[in-house]
Amino acid sequence: MLASTFGFGLMAIFIRLASARMPTWEIAFFRVAFGFIILLTLLFWPLRAQGRPVHAFLASVHTEQLPRYPVRCAIGVAAMFCGFWAIAHLPLAQAIALNYSSPIFVTIAAILMLGERVRARRWAAVIVGFIGVLVIVRPYSQAFSAQSLVAVAAAILSALVAVQIKQLSAVDKADTIVFWTYALWVPMTLLPTLFVWRTPLGIDWLWLAMAGLMGTAGQLLWTRALKLGELSALTPISFTQLPVVTFAGWLLFDELVDTPTMLGAGIILASTFYIARRESLLAKQAASQAVSKDNPPVV
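Criteria and cut-off values
- Residues numbered from 1 in each chain as written.
- Predicted model: local features only at pLDDT ≥ 70, side-chain atom pairs only at ≥ 80, totals over all residues.
- Heavy atoms only, no water.
- Salt bridge = Lys/Arg side-chain N within 4 Å of Asp/Glu carboxyl O.
- Helix = DSSP H or I, 4+ residues; strand = E, 2+ residues; numbered from the N terminus.
- Buried < 20%, exposed > 50% of the residue type's maximum accessible area, 1.4 Å probe, protein only.
- Contact = heavy atoms within 4.5 Å.
- Phe/Tyr/Trp six-rings, centres within 6.5 Å; stacked < 30°, edge-to-face > 60°.
- Axes fitted to C-alpha atoms, helices over the stretch in contact; angles between N-to-C directions.
- Parallel < 35°, antiparallel > 145°, perpendicular 65-115°, else oblique.
- Left-handed = near helix turned anticlockwise from the far one by under 90°.
- Nonpolar A, V, L, I, M, F, W, Y, C, P; charged D, E, K, R; others polar.
- Patch = residues over 30% accessible without salt bridge, like charges linked within 9 Å, V, L, I, M, F, W, Y side chains within 5 Å.
- Areas by Shrake-Rupley, 256 points an atom, 1.4 Å probe, with all protein chains shown as cover.
- Core = buried A, V, L, I, M, F, W, Y, C linked by side-chain atoms within 4.5 Å.

## Observations regarding the pattern of salt bridges
Across all of its chains, the model carries 3 salt bridges by this definition. Arg-16 serves as the salt-bridge partner of Glu-255, at 2.5 Å between the closest nitrogen and oxygen. Here Glu-255, found in the loop between α12 (241-253) and α13 (259-294), pairs with Arg-16, found in helix α1 (residues 2-18); they are 239 residues apart in sequence, far enough to count as distant. Look at Arg-16 and you get buried, because its relative accessible area is 15%. Asp-258 serves as the salt-bridge partner of Arg-138, at 3.1 Å between the closest nitrogen and oxygen. With Arg-138 in the loop between α7 (120-137) and α8 (147-168) and Asp-258 in the loop between α12 and α13, this pair connects stretches of sequence that are 120 residues apart. A relative accessible area of 11% places Arg-138 in the buried class.

## Considerations on the environment of Phe-144
Its place among the elements puts Phe-144 in the loop between α7 and α8. Linking Phe-144 and Phe-239, residues 95 residues apart in sequence, is a C-alpha distance of 25 Å. Ignoring anything within four residues of it in the chain, the contact list for Phe-144 reads Val-137, Arg-138, Pro-139 and Leu-149.

## Let's talk about the packing of aromatic side chains
This model, assessed by the stated rule, comprises 15 aromatic pairs. Taking the centre distance of 5.1 Å and the plane angle of 80 degrees together, the rings of Phe-179 and Trp-180 count as edge-to-face. A relative accessible area of 22% places Trp-180 in the partly exposed class. Summarising the aromatic geometry, the rings of Tyr-182 and Trp-185 are spaced 5.6 Å apart at their centres and angled 55 degrees between planes, so their arrangement reads as tilted. With Tyr-182 and Trp-185 both in helix α9 (residues 174-195) and 3 residues apart, the pair spans about one turn of that helix. Trp-185 gets classed as buried once you look at its relative accessible area, which sits at 8%.

## What to know about unusual backbone geometry
We note that Arg-138 has phi near 55 degrees; this positive angle belongs to a residue other than glycine. For Asp-254, which is not a glycine, the phi torsion comes out positive at approximately 55 degrees. In this structure, Asp-254 sits in the loop between α12 and α13. For Asp-254, a relative accessible area of 69% gives the class exposed.

## Things to note about the packing of α1 against helix α10 (residues 203-228)
Taken N-terminus to C-terminus, the directions of α1 and α10 make an angle of 155 degrees; their axes are 8 Å apart at the nearest point. Relative to α10, the element α1 is oriented roughly antiparallel. Crossing of α1 over α10 shows left-handed handedness. The segment α1 lies against α10, with Ala-3, Ser-4, Gly-7, Phe-8, Leu-10, Met-11, Phe-14, Ile-15, Leu-17 and Ala-18 engaging Trp-207, Leu-208, Met-210, Ala-211, Met-214, Gly-215, Gly-218, Gln-219, Leu-221 and Trp-222. Broken down by class, the residue content of the contact of α1 with α10 amounts to 15 nonpolar, 5 polar and no charged.

## Observations regarding a nonpolar patch on the surface
On the surface, Leu-190, Leu-191, Leu-194, Phe-195 and Val-196 cluster together to form a nonpolar patch covering roughly 510 Å² of accessible area. Looking at the element boundaries, Phe-195 is found in helix α9.

## Looking at the nonpolar core
Membership of the largest hydrophobic core comes to 54 residues, with the highest contact counts inside it found for Ile-15, Ile-27, Phe-84, Leu-98 and Leu-242. It is helix α2 (residues 24-44) that provides the largest number of residues to this core, a total of 9 residues. Ignoring sequence-local partners within four residues, the contact set of Leu-98 consists of Val-133, Ile-136, Val-137, Ser-148, Ala-151, Val-152 and Ala-155. The next biggest cluster of nonpolar side chains, apart from the first, holds 6 residues, and it includes Ala-79, Cys-82, Leu-157 and Val-161.

## Quick notes on the side chain of Asp-204
Among the secondary structure elements, Asp-204 is positioned in helix α10. Given a relative accessible area of 5%, Asp-204 falls into the buried group. If sequence neighbours within four positions are ignored, Asp-204 has contacts with Arg-21 and Met-22.

Set out below in structure tokens:
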């Protein structure tokens with residue numbers, strides 16, 4: 001999880017560096033294009049020794065839910081664009097802090113889309129998280145900037161994607177979901193890129209390639225971390241991304257973090273941690289109850 005956090009933090013830094021000359025849509029396209037190349041290599045490499053490696057690869061990513069992927073991927077592209085635009089135009093610390101509000105919106109989306117029951121304590125955490133968002137965005141003051149709403153939109157759209165992935169994962173494997181996501185993201189980001197195309201020059205290629213590499217590495221490491229450990233234990237580690245990008249913002253872009261951003265970020269992180277811890281506890285209780293039903297006590 002720590003390596004994943006640094007991967008995502010470095011991705012944000014490279015996106016910010018690339019945005020000095022490159023349009024956001026083009027950054028998004030190269031992010032997924034380079035990421036797709038890396039992903040194909042990782043998925044295909046273990047199958048290369050088989051008699052029909054291409055056939056084996058296609059079988060490994062087969063899905064019966066393909067018609068559901070375009071909508072999920074379109075929302076994901078919108079979330080990516082909003083997130084990248086926020087990184088390019090907002091102070092890095094503010095953009096990343098608002099991105100951490102996504103679990104708050106996931107809770108609400110799970111209620112509306114999955115019919116999950118949320119009790120008073122998690123509702124309280126959601127409300128506290130909203131307060132943290134308001135502290136950063138500051139709609140009540142002259143410091144308010146409509147640009148910060150783009151980062152909030154990215155968090156909301158990311159929450160919708162998370163719920164859709166949960167729905168797809170009930171049938172499809174993780175590798176299948178990731179493959180079809182990238183396979184559709186490439187053309188979806190290429191089309192708008194053609195209207196704003198600016199040929200990368202020199203160092204631009206390095207920033208774009210590194211954004212793709214770090215983003216894909218962060219994604220793969222994050223998935224692996226969740227497989228090995230509990231979400232409630234891993235979530236605090238992911239918060240180290242914020243000081244990393246805050247330091248980078250100060251060192252590379254002369255950005256200073258103001259008090260409302262620090263305070264709001266602390267509130268959001270505390271809310272997110274509680275939600276993750278609560279969900280982990282409820283998942284354990286559900287698993288324990290299921291085991292008890294399958295293995296009734298002998299009397």
